[in-house]
Amino acid sequence: MSAHTHTRPHPAPRGGADTRLPWWALALPALAFVALLSLIINPSDAHAAAGEPTIAHLVERARQLIAR
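Just so it is clear, the model here is predicted, and its values are computed rather than measured.

### Concerning the overall build of the chain
Alright, step 1. Within the chain one finds two helices and zero strands.
Alright, step 2. For the chain, the residues scored as buried account for 0% of the 68 residues in total.

This is how it looks when you write it as structure tokens:
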């Protein structure tokens, strides 16, 4: 005895994805990119926190390594 196969009554749509992103899904990464790019262009505007000299030293060391 053969088993019956079930077929889909309605085939899945073959069109493109109809997904819409919220406005902030594009705006926030673009804003972060611009902020980081501005720090690279003018690093004198980047100020380390006064209470964290270890982090300031680490950031300065990373900047020196990148500048090589």
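### A short note on the pattern of salt bridges
Alright, step 1. Scanning all chains against the criterion turns up one salt bridge.
Alright, step 2. The shortest N-O distance in the salt bridge between Glu-60 and Arg-63 comes to 2.6 Å. Remark: Arg-63 and Glu-60 occur in helix α2 (residues 53-67); sequence separation between them is three residues, near one turn of the helix.
Alright, step 3. For Glu-60, a relative accessible area of 34% translates into the label partly exposed.
Alright, step 4. Accessibility expressed as a relative area gives 42% for Arg-63, which makes it partly exposed.

### A few points about a nonpolar patch on the surface
Alright, step 1. A surface patch of nonpolar side chains, amounting to about 540 Å² of accessible area, comprises Trp-23, Trp-24, Leu-28 and Leu-31.
Alright, step 2. Checked against the element boundaries, Leu-31 lands in helix α1 (residues 24-41).
Alright, step 3. Judged by its relative accessible area of 56%, Leu-31 falls in the exposed class.

How each quantity is defined
- Residues numbered from 1 in each chain as written.
- Predicted model: local features only at pLDDT ≥ 70, side-chain atom pairs only at ≥ 80, totals over all residues.
- Heavy atoms only, no water.
- Helix = DSSP H or I, 4+ residues; strand = E, 2+ residues; numbered from the N terminus.
- Buried < 20%, exposed > 50% of the residue type's maximum accessible area, 1.4 Å probe, protein only.
- Salt bridge = Lys/Arg side-chain N within 4 Å of Asp/Glu carboxyl O.
- Patch = residues over 30% accessible without salt bridge, like charges linked within 9 Å, V, L, I, M, F, W, Y side chains within 5 Å.
- Areas by Shrake-Rupley, 256 points an atom, 1.4 Å probe, with all protein chains shown as cover.

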